Every structure is written in C-alpha cells, then in structure tokens.
Amino acid sequence: MGQKIDKHRMKNGMVLLGERMDNVESVAFGFMLPAGAAVMPEGCCGAANVITDWIFRGAGDKDNRQLGDALDGLGLQRSGGVDTAHITIGAALEAGNLSAAIELYGDIILKPRLTDGQFTPAKQLVIDGVKGLDDHPRQKVMIKLRERFYPQPLGRSTVGEIGQLEKLTPELTRKLAANNFNPSRMIFTVAGKYDFTAVKKQIEGLFGKAGKKTAKTLRIGPKGGKYKHIQNEGAQVHIGLMTPTVKITDKDYYNVRVAVGMLSGGMGARLFTEVREKRGLCYAVGAQYHALKEAAGIACYAGTTPDKAQQTFDVIINEFNRLADGISEEELQRAKVGLKSSLILQSESSSSRAGAIATDFYMLGRVRTLDEIKNEINKTSVDSVLNCLRKNRFKDFTVVTIGPKEIKVG
Amino acid sequence: MEFKVNKLKNGLTVIGEVNKSAKSSAVGFFVRTGARDENPQINGVSHFLEHMVFKGTVKLSPFEVNEAFDRTGAQYNAFTSEENTIFWAALLPEYLVEITKLWIEMMRPALRTEDFNIEKQVIKEEIAMYKDQPSYDVLDRCRTLYFGGHPCGNSVLGSVQSIEALTAEQMREYFTSRYAPNNMIAAFAGNFDWDEIRNVIETGCAAWESRDIDRKLSDTRGTRAKERLEKANLAREHICLISPSVSAQDTQRFAASLLSMIIGDSVGSRFFWELVDKAIVETASMEYSPMDGAGANFTYIRCSSENANKAMEIVGRIFAEATKAGVTENELKMAKNKVLSALVIKNELPMGRLVDLGFNWTYLRQYRTIEQDVSSIKAVAVADINALIKEYPLSEFAQFSLAPAKNG
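None of the values given here were measured: they were computed from a predicted structure. (Residues numbered from 1 in each chain as written. Chains lettered and ligands numbered in written order. Predicted model: local features only at pLDDT ≥ 70, side-chain atom pairs only at ≥ 80, totals over all residues. Heavy atoms only, no water.)

**Section: the interface of chain B and chain A**
Point 1. Tallying the contact residues gives 61 residues for chain B and 66 residues for chain A.
Point 2. Between chain B and chain A, the buried area comes to about 5,300 Å², and carbon and sulfur atoms account for 56% of it.
Point 3. On the chain B side of the interface with chain A, the three residues burying the most area are E125, D132 and W273 of chain B, jointly 13% of the side's total.
Point 4. At the boundary of chain B and chain A, one finds eight salt bridges.
Point 5. E67 of chain B is the partner of R334 of chain A in a salt bridge, and the nearest nitrogen-oxygen pair spans 3.9 Å.
Point 6. Linking chain B to chain A there are 33 residue pairs in polar contact (both at pLDDT 80 or more).
Point 7. Of all elements in the fold, only α2 (62-70), β4 (75-80), β5 (85-91), α4 (113-131), α5 (134-147), α10 (270-276) and α12 (329-347) of chain B reach the threshold of two or more residues within the side of chain B that touches chain A.
Point 8. Looking at which element gives the most residues to the side of chain B that touches chain A, the answer is α4 of chain B, with nine residues.
Point 9. Considered class by class, the residues forming the side of chain B that touches chain A number 28 nonpolar, 16 polar and 17 charged. (Contact = heavy atoms within 4.5 Å. Buried area = accessible area lost by both parts, 1.4 Å probe. Salt bridge = Lys/Arg side-chain N within 4 Å of Asp/Glu carboxyl O. Polar contact = N/O pair within 3.5 Å; in protein donor to acceptor, adjacent residues only side chain to side chain. Helix = DSSP H or I, 4+ residues; strand = E, 2+ residues; numbered from the N terminus. Nonpolar A, V, L, I, M, F, W, Y, C, P; charged D, E, K, R; others polar.)

**Thoughts on the sheet that holds strand β3 (residues 26-33) of chain A**
All names here are of chain A.
Point 1. Taken together, the six strands give an open sheet; going across it, the order is β1-β2-β6-β3-β5-β4, and neighbouring strands pair in mixed fashion. Taken across any chain shown, the strands that pair with only one partner, and hence form the sheet edges, are β1 (4-9) and β4 (77-82). Ignoring which end each strand starts from, the neighbouring axes of this sheet average 10° apart.
Point 2. Sheet topology places β1 next to strand β2 (residues 15-20); six bridges connect them, and they run antiparallel. The residue of β2 that forms the bridge with K4 is R20. (Pairing = 2+ DSSP bridges. Axes fitted to C-alpha atoms, helices over the stretch in contact; angles between N-to-C directions.)

**Some remarks on the layout of surface pockets**
Point 1. Of the volumes computed, that of the second largest pocket is approximately 1,100 Å³.
Point 2. Taken together, 38 residues form the lining of the second largest pocket, with T52, D53 and L125 of chain A together with V267 and F272 of chain B sitting closest to its centre.
Point 3. The set of elements that each furnish at least two residues to the lining of the second largest pocket consists of α1 (47-54), α2 (64-73), β4, β5 (87-94) and α4 (116-133) of chain A together with α10 and β9 (283-291) of chain B.
Point 4. No other element matches β4 of chain A, which puts six residues into the lining of the second largest pocket.
Point 5. Counted by class, the lining of the second largest pocket contains 17 nonpolar, 14 polar and seven charged residues. (1 Å grid on protein atoms, 1.4 Å probe; cavity = no way out; pocket = protein on both sides within 12 Å on 5 of 7 lines; lining within 4 Å. Points joined across faces, edges and corners; volume = space filled by probe spheres on them.)

**Describing the domain arrangement of chain A**
It is common to give the size of an interface as the accessible area that goes away when the parts come together.
Residue and element names in this part refer to chain A.
Point 1. Segmenting chain A into domains produces domain 1 (4-207) and domain 2 (227-403).
Point 2. The C-alpha-based centres of domain 1 and domain 2 are spaced at 28 Å.
Point 3. Tallying the contact residues gives 35 residues for domain 1 and 39 residues for domain 2.
Point 4. Taking both partners together, domain 1 and domain 2 bury about 2,900 Å²; carbon and sulfur atoms supply 78% of that area. (Domains from an automatic or database assignment.)

**Here's the deal with empty space enclosed by the protein**
To find the voids left in a structure, one rolls a probe of water-molecule size over its atoms.
Point 1. One pass over the full model with this rule turns up four cavities of 30 Å³ or more.
Point 2. Taken as a whole, the largest cavity encloses approximately 60 Å³ of empty space.
Point 3. Every residue along the wall of the largest cavity is listed here: D134, D135, P137 and N232 of chain A together with K131, D132, P134, N233 and L234 of chain B.
Point 4. The class makeup of the residues in the lining of the largest cavity is three nonpolar, two polar and four charged.
Point 5. What the second largest cavity holds in volume is close to 50 Å³.

**Remarks on the packing of helix α10 (residues 270-277) of chain A against helix α11 (residues 309-322) of chain A**
Residue and element names in this part refer to chain A.
Point 1. In contact at an axis separation of 10 Å, α10 and α11 are set at 150° when each is read in the N-to-C sense. Compared by their axis directions, α10 and α11 come out roughly antiparallel. Both α10 and α11 take part in a crossing whose hand is right-handed. Where α10 approaches α11, its residues R270, L271, E274 and V275 are matched on the opposing element by T312, V315, I316, E319 and R322.
Point 2. Here the residues of the contact of α10 with α11 sort into four nonpolar, one polar and four charged. (Parallel < 35°, antiparallel > 145°, perpendicular 65-115°, else oblique. Left-handed = near helix turned anticlockwise from the far one by under 90°.)

**A look at the pairing of β9 of chain B**
Residues and elements named next belong to chain B.
Point 1. Direction of pairing for β9 relative to strand β10 (residues 294-303): antiparallel, over a ladder of nine bridges. Following the sheet pairing, E287 is matched in β10 by F298.
Point 2. The turn linking β9 back onto β10 is made up of two residues, and G293 within it adopts a positive phi angle of 75°.

**A closer look at the nonpolar core**
Point 1. Within the largest apolar cluster, 73 residues are counted, with the highest numbers of intra-cluster contacts made by F29, F69, F87, W103, M171, F188 and I201 of chain B.
Point 2. Those residues in contact with F188 of chain B that lie beyond four places of it in its chain are V14, I15, G16, E17, A26, V27, L96, T100, I197, I201, L354 and L357 of chain B.
Point 3. Core analysis: the second largest hydrophobic core is formed by 60 residues, V237, V258, A296 and L323 of chain A among them. (Core = buried A, V, L, I, M, F, W, Y, C linked by side-chain atoms within 4.5 Å. Buried < 20%, exposed > 50% of the residue type's maximum accessible area, 1.4 Å probe, protein only.)

This is the structure we're talking about:
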C-alpha cells in the first residue's frame, strides 16, 4: 500500500515514529509516557490520572488559563488518557499548527508547574470520575473485569481507587511524575501531513538533553477470583467475561484475531446471531481481543434484563466453547475480509494511524506495515484457526456482573 | 471533489461527492422520518422499523442480510433521531455497487411478524440499556419536558408500553406512508464512479411509488419547566438543560454552533473554566442541535448532589453574563479554530463527509462544499453571536435532574 514510515531513535533512547499520509490537511501526534496505572507504586491507584490532569494546569511560562487558551487557540482536538503502561497525550489538528503544538506539549511534559493550588481540583476531578462510573455500569463492569482477569498490578484500574486517591499528596504525586516522565523511554508518533526533518529537529531540541534511564521491571502478583457480582438495582445485568489468549508476539496471534472475528466481527458473526438475532436476549453483545505487553485476553460484554441474564451467559459460553468444534470456509472468509477492511478504513484517519504505530512499536519494537498485516491475515486457514483453537481452549473465564441479579457461572 | 445530483421521476434524489483519491467509499440512505412523525399510539415505531430493515426482504432472511454485509468487510449500521432515519455503510470501493444493491433491496423490507416479535425483545433490551445510562436518560426526559406537546419531544425509543402494544400491521402502514422515494435521499461520498452508481439506483429504485408526505413544521421556544427525579441506584446528579435556538435552515446556525462552543465545549469554554476546571462538576457541556424548523441548545452536567445547587447558580450567572455582555473577540477566535479543525478532520474521511452531505441536502436541498462551510464559519462576527443571544436567551431553559435518592 506504499506506506511511508519514518523512524528515528534519539541518543537517549527516545523513539520518534511517523507515517506520512497523502491527501490530508490534518496531522495527529501523541506522546506515550511510561507512567501508566501499573507503573505507579502500590497504594497510588489513580495517581497517573491525577498527573494527566495536573500537567495541563500550567507549564513553562504559562499559568493554567494561559496554557488552556494557547492550546485552544491552535484548534487542537485533544486526545489521550491513562492505560496500563502509559499516559498518552496528544491531539489532532491542522498541519500548519503542529510545531506550535509540540512546543506547548514539550512544556507540559518537561516543565509542568504542578502547583499545590492546582493539585486539589485535579485530584477532585479524578475522584469524581471514579464516582461517576457507578452510574455507568456498562463501562464499570469492563474495568472491574480487567482488574480481576490480569494479575496485579497489570489489572489495576485505569480510572483510580477512591481510598487511594484521597491519600495522595502533592509532594508524592509530584515525585511520581518526575520519576516516570522519562524521555529516554518515551515514544513520540505523528501521522498525516508533516515534515519529518523539522519534527525531528524540534523534538531533539526539546527532549535530547535528558539522559538515559532504565526501565522499571514490574513485580507481577496474583490475579483475582473467578466470579464477582456487584449489586445494583438498575434495569439490566451487565455481564463481562474474559478468557486468556495468546499475546501479539505469538505465532498464533492472527489465528486468534480471525477466531474473534468469527465470534464477534460483524452482525453475521456467531455471538450476534445466536444471542441477539435468534433469541432476542440482548441489544448489546460483543467480544474483543484485548492485549497488554505481558498478557492478553478475549473480553466479552453483554447487557440484558435480569430474567434473561443466566440464559445470555450460558449461550455466550457455549458459543466460545463450540468454536473449536468446527468452522466453515465461508465464515472464515467473512472474518478475514472484515479485519482487512477495517485496517484500510482506519488508515484514512491520521489519529488512528498515530495510535496504531505507537502501539505497534511498544508491543513489538517495530511498526508493522498494512501489507504485512494483510499478508498474515491472508495466511490463516480453517485448519490453522482450528489447530490454534484446539491448542488454546477457551477456559479459565473471569466473570464480573453488575445488576439486580447474580448468575451461576458453573 | 466533484458534486453530482440526479432526481428520479418518483422523487428519489441521488447525490454524490466524488473524491477519487480516497481509499474508501461511503453510502447512505437518508429517510426523512423519525419520532416527531409518530403519534402516541405508535411511539417508537421509526426506531423499531430501522431495526426491522435489517431483518430481510421477501428474498433474504435476516441471517443472509448480515452475511452479505460481512462478506464485504463493510462497516455498516443505522440510526434514528427525532426526525431522521439513516442507514449507512463505509467500505472499500470495490464493494460499493454490491452493498448499494443490498441497501436498495433492504429499503423494501419483508416486515415479517415472526421477526417483528423477536426484535421487539431486542428493542425492550435497548430501552432497558438506556435506563442504565443516566446521561442519556436525563436528556431523553428533558427533551420531552422542553418540547411539551411539540412532536420533537417524542421519545425515539418509545416506552416499554408503547412497544409492547405496537403491532406489525401498524408498522407496515407507517412504512408505506414514510419510506416513499420522495421522502428519501441516496447519498455517496469518497471514491466511486458516479455513472455506475446512478444506474444502479435508477434500475433498483425506479419502481418505488411516491406518496404525499407531510410533516408538521412549527417552531417552538419550548417550556421552562423544571423537574427532578430521585432514583435509588444513582451515585451522581445528572442535569440536563434545554433552551431554544435557531433551526437547521437558519443562516444563524453557524453563530449558534460557535456560541455553544464558547459557552460549553468540553475544554476551554466558560463552563469549563467556571465549573470543570475548579472541580465543582465532573463534566459540563453544551451542544447546539439544529433540527427541521426548530433548534435547541442541550446542556449536560454531572456532579455530586452537594454541588448541584452551586453548579446551577454558576450556570445561571454564566447565562446572565452572556446575555448582558456577550462574547469576546478572543473567545470567538478560539471557538472558530476548534470548529474549523474539527470540520477539516471529520471531512477527511468519506464517512464523515457523507453525514454533512446528506444533512445539507435533507435540510437545505443544497450542496455545500467544505470551503463554503469554512467561509461561513469565518464570517461570523461577535455582533452576530451577541444578537443571537439576545434573540434566544440561554436562561430560558427547561431543566430535568436525575438524582440519587436521599437516605432516610
């Protein structure tokens, strides 16, 4: 597909990646900072979220308001957030404003003011976000699910824990930001319309002075129990379930992606057909591949009224289990074409590409071209997928439900 | 970019904007029907019918429809609002003809009673799902409160009662009266061959019969009613405010959109600096929603119950100050930058372009280039916005609050 990937590794180890796109006037960029939820010390769950808010409350020669106005003045569509390994901050914008935006983000990362006065509202907003999640059981169930599915600290909530947030002080949080905002382990990505030579020069100028630092190794602890129910007198039972699978580096990775496509790729896939189309049990049902660098799983969500919850769960588990019994050539082809076409559709968006190349580099140490991914998908067959499914049976499901009624998970 | 339009004898309009350098194409059928075209006996039928379109035709079973889409890897779906029902697909150009033919077939659905009964369960699940999303639920309730008896206040989903009472026969009647070619647009964006698509539409849709179709258009400034409902399982206070604004046809719509951004964008707005930045509320946003012959500003706020009164005092002050002193040059400049970059980014994708293309034709019977929209936004002056605020004071709102039940 003739992609133009740019790459540069700075002396201190910071990596710059770019993908030039024709026919766009926009550009998207992102900084991946190695300061995600799992990286924070024990007892500081939510610190990464506070830091993400706090660093925008004044940086360099600008106070909170001046910085906000400067960012808005460039028409930035801001993006980012906290995941297990990283804080990602970035934006999409008109290409002409890229350099001015990078300048501001340089200050935000390297010279955040982090004043005591701005700490209080930053922390309060994160606490409010956690409390607000109680009114969004659909989102909450998936956070609670990952918390139990992945061993600690990998499963740690990416929104925060109220008890731990309340104990955070400006001093400690400031220290956490300083320790983990380590340019030598940052990844910067840009996609769309840009001049790589200019970008390289600017980033070198801003981040090149920082020295090398080694990565922290995470101490992996135990994972949570098999089933947890959270009582909530809402209208539906929100069911989240997750089963372990191969990581992105595994040779069976593409077989698993195709298998997930057969379970939940389009409306013709098995979960939608069996749960919604044939039985009318749910409006929302779907499964997704979810990966961290250290572990991966297939996560499934379904929301249904209490009387149908048990049947919904049973039908879903049955669909997972029966996939290894046999698949047809036709459904394999549907899953493959679905994966390939979503790849091409996403390739038109500068934000999607900036995110994709960053994730690739973090997970694999390199950027896969779209052609490479397409070829790997093409190589999968009925036999390869079935062999993979039989070798890696879906088992050890972790289940979380939120709603008025518990289910039996067998 | 090249714009094309063709109108069939039966009234179906086909529009397309060809961009040969795009990697994908997008197709949509825009049907000018929604909750405002329903009466209480059939409330929810537009949205339910949108689901039933996917349940197949005389020739195709529901499973065959899903598989036909999935074979092409298309991303496809549909949505229903108070006044539009839109069916869309974003896909690789080589599959566009095949998927357009599929949509054409589906626009004449079988509406089988057996499928209707299964799908009724799914619709009831969807209603339950939104009950568990208070940010949506409060907006739906506030819309009904604001519009009073105006048809734009009709619930898109309907209620469990109205859906249970609805019959397949009532849906078939509604379908015949609303899915007529003269009430629909077929729209295309991205990479495609216009002549080929025009022929596919001519061949597939020429036999559809036109009908006399009517929609009652009346402007409204809404009610100023206030309601608060406590629910046992809620943790936060969810507040929705709706105030009147200009319609989708009004030339002041660009000013209205900039005003809502100045007052209530998720960052950098007056709401942001006065409410969110100070952590008085978790979120506060205002969005201008242009409609057919009417328009409104929707505000959503989420906070603790303890802060709800304080938040509303500040909102009241923000509204009063805007009415008294207007907006500033600097605020307008920042809002323009944000609106313009969002416009450019959205329109880089054929699917994003399709939405603007289809709605401009639906509301204005007009093709507008991105450049025209850019100049209209740039041309808005502070005085235009200040005149708009005087004409439509933000403080004339209806309010609905969903709140946690107080203990004891």
